[in-house]
Amino acid sequence: MKKRILICDDDASIRAFLREALENNYEIVEADDGKEAVRLITREHFDLLITDIKMPGTHGLEAIERIRERNKEIPIIICSAYRLMEDDIIVKTSDVSAFITKPIEVPTIRKKVFELIGS
Amino acid sequence: MDIINFMNKRALSLLRFVLILSTILVMTYSNKGLHFGEPGYFLAIIYLISNFILVRLPERLINMPAVSFAIFLFDIIIISAGVYLTGGVQTDFYLIYFLIIFIASTGQNTGAGIPIAIVASIIYIWLVHHTEPGISLWDSRFLIRIPFLFIVSFVSSYWSESMHKELKKKEELERFNRELKKEVERIAAKEIELRIYNEKLINSVASGIIAVNIDGVIMTVNPEAERVFGYKKDELIDYHIKSIPGIEPLYEKIESSMKNGKAIIREEVEVLNRNQEKIPLGCNITPLINPGGDISGCVVLFRDLSEIRRLEEQLRHSERLSYLGKMASWVAHEIRNPLTSIDGFAQLLFDIKDEKKRESYISEIRQGVKRINNIIDDILTFARIKRLEFTKIDLKNLIENTIGNMKVKYQLNCYTEPLIKGEEEAIRRLFLNLINNSVEAMDENGMIVINIDAKNGWILTEVIDNGKGIPEKDLKNIFTPFFTTKPRGTGLGLAIVKKIIDDHNGKIEIRSELGKGTTCLVYLPKYNNGR
């Protein structure tokens, strides 16, 4: 059975790209905002969350906080157009497993996902 | 009576001494003569003593009508006693009555003359009858003496009254003159005080003040004006303002204000100071109008705006830097997202064999490029780098085409010929941004009403939504670039709207009520045969 990845980004083209890059080895589910991501993670099992930070509705960081209240185990990769520590991106390093700055290299994301959950 | 001291205490006692002297003289040269030990002698002594007592009495008491009447009555009694002692009708002592009546009539209590004359007449008649019981009242001596007593009383009362009046008039005139002099002195002192006060006031004002007369000659200068122009007071006062190098632009405004008789408010004028440095001045120029309604000069109140301009420039510089920083961050974020999909799909293209997928990747790449292009458009619009080309625009068609492509319920009402002059793409962008904001503020039941109407030479377009509204604290910042309350907002939407409206010399108002909705009123210049 394929491992399940939840991709959370308000930009449909980014979600589409990540799906195309990863769906050969994983089952991909998409959420277009943080609220939807929290809802899905509460209901279903996922092995990994890949999320953007700045999104309409629930902000990525807020979503991570809520997810961590429910699920302390799930690895989280942040994919953001901002660099870590830039502007208001202050992430508790213990909460996230990796931080990837956009644009994303396909080998990099594949490698990182593999490191975290295998295939 | 609060009148002239015509018959003061001193004069009265002097006259009474004359009276006593006359009495003694008359008694001495009467048939009987005045001899030591006789009643007449004691009478003279009593009279003399009484006068010495009178001299000691306070003037206020003597001036009392009853007291002065009593004094004259006492005099009448003394004189009557003298008449009696010196031989009644035979003696000339009655002449002293005339003197008393005269004194009584001319004294403080001028009305006392007639009663004294009556009393004197009665006593004299009684006395003569007593000394000479057989004498007839029709005796020629009575017929002459008694009326004369009254005549003297009337004449001296009349003369005294006139004298009093004259003196009163004189005194009043003198008092008036004294008061007038005092008033003049008081006004002069007040004027000096006022001049000093005005000078202090003018000198302590932080703004510069100069006043010129109708010919443009400087009349008043305060220290701040000296500081700003770099000239001393002596180098400015009494000189024509045109003769002071560097401040001619100020004279032009002054001349115009005096010519039109109208104040020039908050006018900015740039002058040169003595060191040829440019000084921006914020001026209020007010013509001085004299009581006759003519313009007599002009007063200029000005502030040196150099420091304000420097601070404004500093602020603009830091705002520019701040915008630059925000813009760099915004550009980085906005471009990285489409760039991620372009780059990502481009990477995936290498491995893909499926033709359909290949096409969809290429389509994603092209969409990403389009998005980046839109972002560049935003930057260019905001930075006003693009040159605007104005044409005739049918606003109703433009808005209909713009909103028609969007999934939103709307109602478009047009009450006028909706022609404006503008750049079509920019105007489309303007309404697209406004409508987008409305759409984002509303839920699925939301509806946008757009009214187009003519108002005071403008075409007014109202974009009304029933969305969640804008909090009051945010209203003042909504046009500030990069200000956004939306998580995904760029903060450029309304800044671009404002920029486009400014480029078209239009204006925009936003009214909003939380929970009820927002109305944007866009005023754009009416198309007027190409103008």
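Residues numbered from 1 in each chain as written. Chains lettered and ligands numbered in written order. Predicted model: local features only at pLDDT ≥ 70, side-chain atom pairs only at ≥ 80, totals over all residues. Heavy atoms only, no water.

Caption draft 1: Quick look at the overall build of chain B. A tally of regular secondary structure across chain B gives 15 helices and 12 strands. Across chain B, every contact between residues at least 6 apart in sequence was considered, and the portion connecting residues at least 24 apart equals 63%. In the form shown here, chain B has an accessible surface area of approximately 30600 Å², with 57% of it arising from carbon and sulfur atoms. (Helix = DSSP H or I, 4+ residues; strand = E, 2+ residues; numbered from the N terminus. Contact = heavy atoms within 4.5 Å. Areas by Shrake-Rupley, 256 points an atom, 1.4 Å probe, with all protein chains shown as cover.)

Caption draft 2: Region of the structure containing the sheet that holds strand β3 (residues 264-272) of chain B. All names here are of chain B. The strand order β2-β1-β5-β4-β3 describes an open sheet built from 5 strands, whose pairing is antiparallel. The open sheet has two edge strands, β2 (218-221) and β3, and neither has a second partner. Averaged over all adjacent pairs, the angle separating strand axes in this sheet is 30 degrees, with direction ignored. As paired strands, strand β4 (residues 278-289) and strand β5 (residues 295-304) are joined by 9 bridges and run antiparallel to one another. Note that in β5 the partner of Ile-289 across the bridge is Ile-295. The strands touched by helix α9 (residues 248-260) are β1 (208-213), β3, β4 and β5; relative to β3, the strand with the most contacts, the crossing angle is about 150 degrees. (Pairing = 2+ DSSP bridges. Axes fitted to C-alpha atoms, helices over the stretch in contact; angles between N-to-C directions.)

Caption draft 3: Local environment of the UniProt feature "domain: PAS" (unreviewed entry) in chain B. Mapped onto the present numbering, the UniProt feature "domain: PAS" (unreviewed entry) falls at residues 199-238 of chain B. A helix fraction of 32% and a strand fraction of 25% characterise residues 199-238 of chain B, whose end C-alpha atoms lie 17 Å from each other. (UniProt positions renumbered as here; feature names shortened; annotations may be inferred.)

Caption draft 4: Layout of the nonpolar core. Judged by nonpolar contacts, the single largest core of 71 residues is most densely connected at Ile-5, Ile-50 and Val-113 of chain A together with Ile-427, Leu-430, Phe-431 and Leu-434 of chain B. With 7 residues, the single largest contributor to this core is helix α10 (residues 306-349) of chain B. Residues lining this core come from more than one domain, with at least three contributed by each of domain 3 (310-383) and domain 4 (391-525) of chain B. By size, the runner-up hydrophobic cluster in this structure holds 34 residues, among which are Tyr-47, Phe-93, Ala-104 and Ala-112 of chain B. (Core = buried A, V, L, I, M, F, W, Y, C linked by side-chain atoms within 4.5 Å. Buried < 20%, exposed > 50% of the residue type's maximum accessible area, 1.4 Å probe, protein only. Domains from an automatic or database assignment.)

Caption draft 5: Here's a closer look at the environment of Gly-230 of chain B. Looking at where Gly-230 of chain B falls in the secondary structure, it is placed in the loop between α8 (223-229) and α9. We classify Gly-230 of chain B as partly exposed; its relative accessible area is 32%.

Caption draft 6: How the structure looks around the packing of helix α4 (residues 65-85) of chain B against helix α6 (residues 113-131) of chain B. All names here are of chain B. In the contact formed by α4 and α6, the axes pass within 10 Å of each other and the chain directions differ by 20 degrees. Relative to α6, the element α4 is oriented roughly parallel. Seen along the crossing, α4 lies across α6 with a hand that is right-handed. On α6, the residues touching Phe-69, Phe-72, Leu-73, Ile-76, Ser-80, Val-83 and Tyr-84 of α4 are Pro-115, Ile-116, Val-119, Ala-120, Ile-123, Tyr-124, Leu-127, His-130 and Thr-131. Across the contact of α4 with α6, the residue classes tally to 13 nonpolar, 3 polar and no charged. (Parallel < 35°, antiparallel > 145°, perpendicular 65-115°, else oblique. Left-handed = near helix turned anticlockwise from the far one by under 90°. Nonpolar A, V, L, I, M, F, W, Y, C, P; charged D, E, K, R; others polar.)

Caption draft 7: Structural detail: the interface of chain B and chain A. Taken together, the contacts link 19 residues of chain B with 27 residues of chain A. A combined buried area of about 1900 Å² lies between chain B and chain A, and 52% of that area is made up of carbon and sulfur atoms. Inspection of the region where chain B meets chain A yields 3 salt bridges. Of the charged contacts, one joins Glu-23 of chain A and Lys-357 of chain B as a salt bridge, the two residues approaching to 3.6 Å between their closest N and O atoms. Where chain B packs against chain A, one counts 8 residue pairs in polar contact (both at pLDDT 80 or more). Of all the secondary-structure elements, those providing two or more residues to the side of chain B that touches chain A are α10 and α11 (355-383) of chain B. Looking at which element gives the most residues to the side of chain B that touches chain A, the answer is α10 of chain B, with 12 residues. When its residues are assigned to classes, the side of chain B that touches chain A shows 5 nonpolar, 7 polar and 7 charged. (Buried area = accessible area lost by both parts, 1.4 Å probe. Salt bridge = Lys/Arg side-chain N within 4 Å of Asp/Glu carboxyl O. Polar contact = N/O pair within 3.5 Å; in protein donor to acceptor, adjacent residues only side chain to side chain.)

Caption draft 8: View of a nonpolar patch on the surface. Residues Leu-137, Trp-138, Leu-143, Ile-144, Phe-148, Ile-151, Phe-154 and Val-155 of chain B make up a contiguous nonpolar surface patch of roughly 850 Å² in combined accessible area. You can call Ile-151 of chain B partly exposed: its relative accessible area is 42%. (Patch = residues over 30% accessible without salt bridge, like charges linked within 9 Å, V, L, I, M, F, W, Y side chains within 5 Å.)

Caption draft 9: Seen up close, the pattern of salt bridges. Taken as a whole and assessed by the stated rule, the structure comprises 30 salt bridges over all chains. The residue Glu-115 of chain A makes a salt bridge to Lys-111 of chain A at a minimum N-O spacing of 4.0 Å. Remark: Lys-111 of chain A and Glu-115 of chain A occur in helix α4 (residues 106-117); sequence separation between them is 4 residues, near one turn of the helix. Look at Glu-115 of chain A and you get partly exposed, because its relative accessible area is 49%. Through salt bridges with shared partners, a single ionic network connects Arg-15, Arg-19, Glu-20, Glu-23 and Glu-30 of chain A together with Lys-357 of chain B.

Caption draft 10: Spotlight on the UniProt feature "modified residue: 4-aspartylphosphate" (unreviewed entry) in chain A. All names here are of chain A. UniProt's entry tags Asp-52 with the feature "modified residue: 4-aspartylphosphate" (unreviewed entry), counted in the numbering of this structure. Residue placement: Asp-52 occurs in the loop between β3 (48-51) and α3 (60-70). Using a relative accessible area of 1% as the deciding quantity, one classes Asp-52 as buried.

Caption draft 11: Looking closely at the packing of aromatic side chains. All chains considered together, the criterion is met by 8 aromatic pairs over all chains. Aromatic side chains Phe-345 of chain B and Tyr-361 of chain B sit 5.1 Å apart centroid to centroid with 50 degrees between the ring planes, which places their arrangement in the tilted category. Note that Phe-345 of chain B is positioned in helix α10 and Tyr-361 of chain B in helix α11, a separation of 16 residues in sequence. On the basis of relative accessibility, which here comes to 3%, the residue Tyr-361 of chain B falls in the buried class. These aromatic residues form a ring-pair network of at least three members: Phe-17 of chain A together with Phe-345 and Tyr-361 of chain B. Stacked on the ring of Phe-46 of chain A, the Lys or Arg Arg-4 of chain A has its end atom at 4.6 Å from the ring centre. The side chain of Lys-507 of chain B reaches across the aromatic face of Tyr-523 of chain B, ending 4.9 Å from its centre. (Phe/Tyr/Trp six-rings, centres within 6.5 Å; stacked < 30°, edge-to-face > 60°. Lys NZ or Arg CZ within 6 Å of the ring centre and 35° of its normal.)

Caption draft 12: The arrangement of the environment of Glu-132 of chain B in detail. Looking at the secondary structure, you find Glu-132 of chain B in the loop between α6 and α7 (140-204). Here Glu-132 of chain B falls in the partly exposed class, since its relative accessible area comes to 23%.

Caption draft 13: Spotlight on the sheet that holds strand β5 (residues 98-101) of chain A. Residues and elements named next belong to chain A. Strand order in the open sheet formed by 5 strands is β2-β1-β3-β4-β5, with parallel pairing between adjacent strands. A strand with exactly one partner marks an edge of an open sheet, and here the two such strands are β2 (26-31) and β5. Geometrically, the sheet is characterised by an average inter-axis angle of 20 degrees between neighbouring strands, direction not taken into account. Where strand β1 (residues 3-8) lies against β3, 4 bridges are found, and the strand directions are parallel. Looking at β3, one finds that Ile-5 is bridged to Leu-48.

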